[in-house]
Amino acid sequence: MRQIFSVPLFREHSRCRARLNSLTQSPCSIAGRHFPFIFALLLSLCFSLFPLAPQESAFPEEFVSLFEKVELEELPPADDYYIDDSPLNQILKLFDEEDYARQKAFLEQKKRKVIKNAAGIEIPNTSYAQDKIHDFLARYMTNFGKQNLCKILDDGELYRLYVRQELKKRNLPALLEFLPVVESEYKATAKSRSGARGLWQFMENSMAPFLKKNDWIDERLDPWKATGAALSKLQDNYRVLGDWPLAIGAYNCGLGAMSRALKKSKTKTFWALAEQRLIPEETINYVPKLLAIAEIAENGSEYNVSLPLANENIRYDDFDYVTTSSVYSLEWLSNELRMDESILKKLNGSLLKEKTPPFEYRLRIPVGFAFSVAELLGLDTF
């Protein structure tokens with residue numbers, strides 16, 4: 001019985017991983033929305049029905065230790081939660097190791113390319129820097145990696161175009177278009193276990209002076225405002241540090257932490273700090289992961305990866321504003337305007353109560369509706 005349960009169930013890791021991922025990406029189904037809870041519950045049942053002695057266990061020790069961290073009562077629905085940093089997603093990643101090993105071997109057989117530049121960012125030809133980037137290249141070349149990255153970029157198309165426009169306006173590196181992939185998987189409502197929120201994953205203690213939060217509004221959940229805030233913060237980092245890998249790394253670990261690490265190193269580069277482990281592990285992986293995504297986006301054919309191109313004809317800022325100062329529910333407004341409520345919610349994601357606040361607020365509405373809304377609310381101007 002133990003053999004029947006333990007071996008066949010997890011033999012084909014890649015296929016299992018792809019199937020599990022397809023479930024998590026199904027927001028319309030109960031299984032998709034509550035996948036973290038259901039999957040962990042099933043594992044609990046399996047462990048109770050088929051207890052394995054340590055020497056007989058077919059599960060890696062890493063799997064068991066991660067499983068013990070999954071808190072059934074606390075995991076929210078998959079589509080409301082950025083699961084990349086959760087114990088559950090770390091468990092899923094264990095099933096991709098065979099495919100990952102194949103992709104690493106493929107890169108080595110090609111006498112792996114020295115990546116000198118990715119989306120305008122220079123990369124040193126050192127074994128440490130190249131190894132770190134190629135490690136993530138191999139991960140994104142797996143079946144799961146390709147599917148996941150394609151879905152993230154496809155789903156985030158609207159916001160990607162807006163980010164791209166803002167980067168051009170500010171003359172910032174094109175690489176930064178892919179930073180929300182690393183931060184939130186381009187999900188405007190993403191939230192991490194540590195409390196970061198939104199497309200750019202701002203923590204509450206890092207919002208000021210860029211964004212505001214109160215009982216009615218959390219501007220971290222407004223992808224348009226959060227984009228402006230994130231790019232301003234990155235520009236500030238670059239003005240202080242004078243180097244983009246350092247500035248991007250500081251976006252993850254904080255400008256203060258990066259500045260303190262620089263004081264401890266003779267060589268003042270991101271790669272030197274990473275190799276000496278003077279910055280957090282998450283930050284060490286943060287920059288090479290971003291550079292790997294940019295390299296694949298620019299040279300996908302070299303890695304057997306075809307990523308979706310953003311449709312430049314999409315109107316990513318096709319909306320108007322009406323200034324309100326009284327409480328109106330989005331449900332009531334959408335009913336009166338005969339509009340899908342989800343449209344107003346998406347355009348005004350920062351409204352925590354799905355109502356306009358009792359103070360001045362610029363309500364974002366679809367283009368062409370400004371006069372109708374102003375008339376409905378009895379506003380003289382908008």
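Note that this is a predicted model, so its numbers are computed, not measured. (Residues numbered from 1 in each chain as written. Predicted model: local features only at pLDDT ≥ 70, side-chain atom pairs only at ≥ 80, totals over all residues. Heavy atoms only, no water.)

**Q** What's the story with the overall build of the chain in this structure? I'm lost.
**A** Helix and strand counts for the chain stand at 19 helices and 4 strands. For the chain, buried positions account for 48% of its 382 residues. Pairs at least 24 residues apart make up 66% of the contacts formed inside the chain by residues separated by at least 6 positions. Accessible surface, the chain as shown: approximately 19,300 Å² in total, 51% of it carbon and sulfur. (Helix = DSSP H or I, 4+ residues; strand = E, 2+ residues; numbered from the N terminus. Buried < 20%, exposed > 50% of the residue type's maximum accessible area, 1.4 Å probe, protein only. Contact = heavy atoms within 4.5 Å. Areas by Shrake-Rupley, 256 points an atom, 1.4 Å probe, with all protein chains shown as cover.)

**Q** Would you mind going over the pairing of strand S4 (residues 361-366) with me for this structure?
**A** Where a strand is regular, its side chains alternate between the two sheet faces. Counting buried positions over the 6 residues of S4 gives 5, a clear majority of the element. Sheet topology note: the strand S3 (residues 319-324)/S4 ladder contains 6 bridges and is antiparallel. Bridge pairing in S4 links valine 322 to leucine 363. (Pairing = 2+ DSSP bridges.)

**Q** What is the right way to look at helix H8 (residues 127-141) in this model?
**A** Count 3.6 residues to each turn of an α-helix, and residues three or four apart come out pointing the same way. Spanning 15 residues, H8 covers 20 Å between terminal C-alpha atoms, matching the ideal 21 Å at 1.5 Å per step. Most of H8 sits inside the fold, with 11 of its 15 residues counted as buried. When we look at burial in H8, the residues that qualify are Tyr128, Ala129, Gln130, Lys132, Ile133, His134, Phe136, Leu137, Ala138, Tyr140 and Met141. (Expected span 1.5 Å × (residues − 1).)

**Q** Just to check I follow, could you spell out the nonpolar core for this structure?
**A** Buried together is how nonpolar side chains tend to be arranged in soluble globular proteins. In terms of nonpolar packing, the biggest core is built from 69 residues, with Leu179, Trp200, Leu234, Ile248 and Leu291 touching the most fellow members. Those residues within four positions of leucine 179 in sequence are excluded, and the remaining contacts are Trp200, Leu234, Ile248, Tyr251, Tyr286 and Leu290. Counting residues in each nonpolar core, the second largest holds 16 residues, with Val322, Leu337, Leu351 and Ile365 among its members. (Core = buried A, V, L, I, M, F, W, Y, C linked by side-chain atoms within 4.5 Å.)

**Q** Help me out: how do you make sense of unusual backbone geometry in this one?
**A** Working note: non-glycine residues mostly have negative phi, and peptide bonds are mostly trans. Put simply, alanine 208 and proline 209 share a cis peptide bond, and its omega is 0°. Its location among the elements puts proline 209 in the loop between helix H11 (179-184) and helix H12 (223-241). A positive phi angle, close to 60°, is found at glutamate 185, a residue other than glycine. At asparagine 304, a position not held by glycine, the phi torsion is positive, near 60°. On the secondary structure map, asparagine 304 appears in the loop between helix H16 (281-299) and S3.

**Q** Sorry if this is basic, but what is going on with the environment of glutamine 276 here?
**A** With respect to the helices and strands, the residue glutamine 276 is situated in the loop between helix H15 (270-275) and H16. In the structure, glutamine 276 is positioned 15 residues away from alanine 261 in sequence and 9.9 Å away in space, judged by C-alpha atoms. A polar atom in the side chain of glutamine 276 sits 2.9 Å from the side chain of serine 265. (Polar contact = N/O pair within 3.5 Å; in protein donor to acceptor, adjacent residues only side chain to side chain.)

**Q** Looking at this structure, I do not really get the pattern of salt bridges. What am I missing?
**A** Oppositely charged side chains can pair when the atoms bearing their charge come close. All told, the structure shown has 13 salt bridges when counted by the stated rule. Residue arginine 239 pairs with aspartate 236 through a salt bridge whose shortest N-O separation is 2.4 Å. Taken together, the residues arginine 239 and aspartate 236, both in helix H12 and 3 residues apart, mark about one turn of the helix. Overlapping salt bridges, with partners in common, bring together Arg160, Arg164 and Glu177 in one network. (Salt bridge = Lys/Arg side-chain N within 4 Å of Asp/Glu carboxyl O.)

**Q** Can you help me understand the environment of serine 334 in this one?
**A** Here serine 334 shows up in helix H17 (residues 330-336). The exposure class of serine 334 is buried, given its relative accessible area of 1%. Residues serine 334 and valine 373 lie 39 residues apart in sequence; the distance between their C-alpha atoms is 10.0 Å. If sequence neighbours within four positions are ignored, serine 334 has contacts with Met339, Asp340, Glu341 and Leu344.

**Q** I keep staring at H12 and nothing clicks. Help me out?
**A** Between its first and last C-alpha atoms H12 spans 26 Å; for 19 residues at 1.5 Å apiece the expected length is 27 Å, and the two agree. A positive phi of about 70° marks glycine 242, the residue just after H12.

**Q** What is the right way to look at the packing of aromatic side chains in this model?
**A** A ring pair, where both rings are aromatic, is described by two values, the distance of the centres and the angle of the planes. Scanning the entire structure with this criterion turns up 8 aromatic pairs. Pairing tryptophan 224 with phenylalanine 319 gives two aromatic rings, centres 5.1 Å apart and planes at 75°, and the pair type is edge-to-face. Highlighted residues: tryptophan 224 in helix H12 and phenylalanine 319 in strand S3, separated in sequence by 95 residues. As far as burial versus exposure is concerned, tryptophan 224 and phenylalanine 319 are alike and both buried. Seen in terms of ring centroids, phenylalanine 319 and tyrosine 321 are 5.8 Å apart; in terms of plane orientation they differ by 80°. Their pairing is edge-to-face. Look at tyrosine 321 and you get partly exposed, because its relative accessible area is 25%. In textbook terms, an aromatic cluster arises when at least three aromatic residues are bridged by ring pairs, as seen for Tyr159, Trp224, Phe319 and Tyr321. Positioned over the ring face of tryptophan 216 is lysine 353, at 4.2 Å from the centre of the ring. A cation over an aromatic ring shows up here: arginine 362 above the ring of tyrosine 321, its NZ or CZ 3.8 Å from the ring centre. (Phe/Tyr/Trp six-rings, centres within 6.5 Å; stacked < 30°, edge-to-face > 60°. Lys NZ or Arg CZ within 6 Å of the ring centre and 35° of its normal.)

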